[in-house]
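Spelled out from the first residue to the last, the chains are:
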Amino acid sequence: MSILWWILALLAILIAGLAFWARFIAQGVEKLVPADGQFADVMGGRVHYTDRGESAPGEPAIVMIHGILGGMRNFADLAEAMAKDHRVIVIDRPGWGHSGVWSPRPDIQTQAEIVMGLIERLGLDRPVLVGHSMGGAVSLAAGLAHPEKLRGLALIAPYTQPIDQPPEAFKAMNVPPAIAGLIAWTLATPIGMRTGKAKSAMVFAPDPVPADFATRGGGALVLRPRSFRSAAFELAMARGSMLRQAPLYGGLRVPVAILYGHGDAILAPALHGTDTATAIPGATIDLIEGGHMLQVVYPQATEAWLRGAVARFSGS
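These remarks concern the structure in this document. Computed from a prediction, not measured in an experiment: that's the story for all the values here. (Residues numbered from 1 in each chain as written. Predicted model: local features only at pLDDT ≥ 70, side-chain atom pairs only at ≥ 80, totals over all residues. Heavy atoms only, no water.)

With respect to a nonpolar patch on the surface
So, step 1. A contiguous nonpolar patch, built from L4, L8, L11, L14, I15 and L182 and spanning about 550 Å² of accessible area, is present on the exposed surface.
So, step 2. Looking at the nonpolar patch element by element, the count peaks at five residues for helix α1 (residues 2-32).
So, step 3. Relative to the elements of secondary structure, L14 occurs in helix α1. (Patch = residues over 30% accessible without salt bridge, like charges linked within 9 Å, V, L, I, M, F, W, Y side chains within 5 Å. Areas by Shrake-Rupley, 256 points an atom, 1.4 Å probe, with all protein chains shown as cover. Salt bridge = Lys/Arg side-chain N within 4 Å of Asp/Glu carboxyl O. Helix = DSSP H or I, 4+ residues; strand = E, 2+ residues; numbered from the N terminus.)

Comments concerning the nonpolar core
So, step 1. With 65 residues, the main nonpolar core has I89, I108, L118 and L129 as its most contacted residues.
So, step 2. In this structure I89 touches Y49, T50, D51, A61, I62, V63, M64, L118, L122 and L124, once residues within four positions along its chain are discounted.
So, step 3. One finds V88, L259, L306 and V310 within the second-largest nonpolar core, a separate group that totals 22 residues. (Core = buried A, V, L, I, M, F, W, Y, C linked by side-chain atoms within 4.5 Å. Buried < 20%, exposed > 50% of the residue type's maximum accessible area, 1.4 Å probe, protein only. Contact = heavy atoms within 4.5 Å.)

A word on the sheet that holds strand β8 (residues 284-288)
So, step 1. The eight strands are arranged β1-β2-β4-β3-β5-β6-β7-β8 in an open sheet whose pairing can be described as mixed. Taken across any chain shown, the strands that pair with only one partner, and hence form the sheet edges, are β1 (38-42) and β8. Strand-to-strand twist of the sheet, defined as the mean angle between neighbouring strand axes without regard to direction, takes the value 25°.
So, step 2. Where β1 lies against strand β2 (residues 45-52), five bridges are found, and the strand directions are antiparallel. The residue bridging F39 from the neighbouring strand is H48, located in β2.
So, step 3. Each of β1, β2, β3 (62-65), β4 (88-91) and β5 (128-132) touches helix α3 (residues 108-122); the most contacted strand, β1, lies at about 110° to it.
So, step 4. Along the sheet face, helix α4 (residues 134-145) touches β3, β5 and β6 (152-156) and points at about 145° away from the line of β5. (Pairing = 2+ DSSP bridges. Axes fitted to C-alpha atoms, helices over the stretch in contact; angles between N-to-C directions.)

So, the packing of aromatic side chains
So, step 1. The final tally for this structure, using the stated rule, is two aromatic pairs.
So, step 2. Here F204 and F213 contribute two aromatic rings whose centre-to-centre distance is 5.0 Å and whose plane-to-plane angle is 80°, an arrangement assigned as edge-to-face. Comparing F204 with F213, the two get one shared label, buried.
So, step 3. Lying across the ring of F39, R46 places its NZ or CZ 4.4 Å from the centre. (Phe/Tyr/Trp six-rings, centres within 6.5 Å; stacked < 30°, edge-to-face > 60°. Lys NZ or Arg CZ within 6 Å of the ring centre and 35° of its normal.)

Some points on unusual backbone geometry
So, step 1. Here the residue pair S103 and P104 is connected by a cis peptide bond, since its omega of -5° sits within 30 degrees of zero.
So, step 2. Relative to the helices and strands, P104 is located in the loop between β4 and α3.
So, step 3. A cis geometry characterises the amide bond from A205 onward to P206, with omega recorded as 5°.
So, step 4. Assignment of secondary structure puts P206 in the loop between α6 (188-204) and α7 (225-245).

Focus on the side chain of Q295
So, step 1. Among the structural elements, Q295 can be located in helix α9 (residues 294-297).
So, step 2. Look at Q295 and you get buried, because its relative accessible area is 1%.
So, step 3. At 3.4 Å, the side chain of Q295 and the side chain of H132 are in polar contact.
So, step 4. Excluding residues within four positions of it along the chain, Q295 makes contact with N74, F75, L78, H132, I156 and T302. (Polar contact = N/O pair within 3.5 Å; in protein donor to acceptor, adjacent residues only side chain to side chain.)

Quick notes on α1
Residue pairs three or four apart in sequence face the same way in an α-helix, which turns once every 3.6 residues.
So, step 1. A rise of 1.5 Å per residue sets the reference length of α1, with its 31 residues, at 45 Å; its end C-alpha atoms lie 45 Å apart and thus fit the reference within 8%.
So, step 2. Among all positions of α1, only A9, A22, I25, A26 and V29 are buried.
So, step 3. Taken together, the buried residues of α1 touch α5 (177-186), α6 and α7. (Expected span 1.5 Å × (residues − 1).)

Now the structure itself:
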């Protein structure tokens, strides 16, 4: 019994030490990537968002929604460019960046309601939603539920269809929810620090990872335990949410434009781009060179596409 007691005591010390280390790293990266904006209470949680620029009369505001393992800084260059002549709101989705963690954690459709709640709170009149990756799924959910409140959906490398397995870069986070918390506070941070560069390269492939992505792009925040838990939750819930959502695309009553990179190594452009555009009445799709993080690596090309989409939405 004494040997077992010592083993348990040593295990408890190890877990406590790893948790302390994870907390220390989390505090460090939050100093590197502090909150940029302000907070609003929406549906029982706090949304972190930035609000800049001003739209000309008749021009819509633009709301930007990031993907999994992302944050509002993923849109740094694109938001700065569009804010020259549009009001631009960029949000941290629930559980990401500096936004709060809702209880229970919201699925894709509930996240869409949170986004729409913020839009109502800010008094935005039919804005354009710009959704990247998982943010594209949230944007589509908002368009299905509230088409009359939106000018259009501009989707960058969106996640639009159910898939059986998560992308290779995210498989380590595809763990049962029952143990996600334990892993988040013990193994996730040291493993993330050791494999982070390789995983980032997989997400950006075939494009290089920008040298300043950890800070300007907010990439360092993925080392926090809460990011692992958010990723584990979203990977577990995504397929069910998309099985409910994808069959409804034929009834979308809001204009949709999709942008994909030919070389996207995370989501298949044919399935999530071309097939989805075909299913949505009047949707357009543009394919350009590049991978999954188009708005980070190709901000000028993405801006040009977005301006074209907004002009089309305004004329529809």
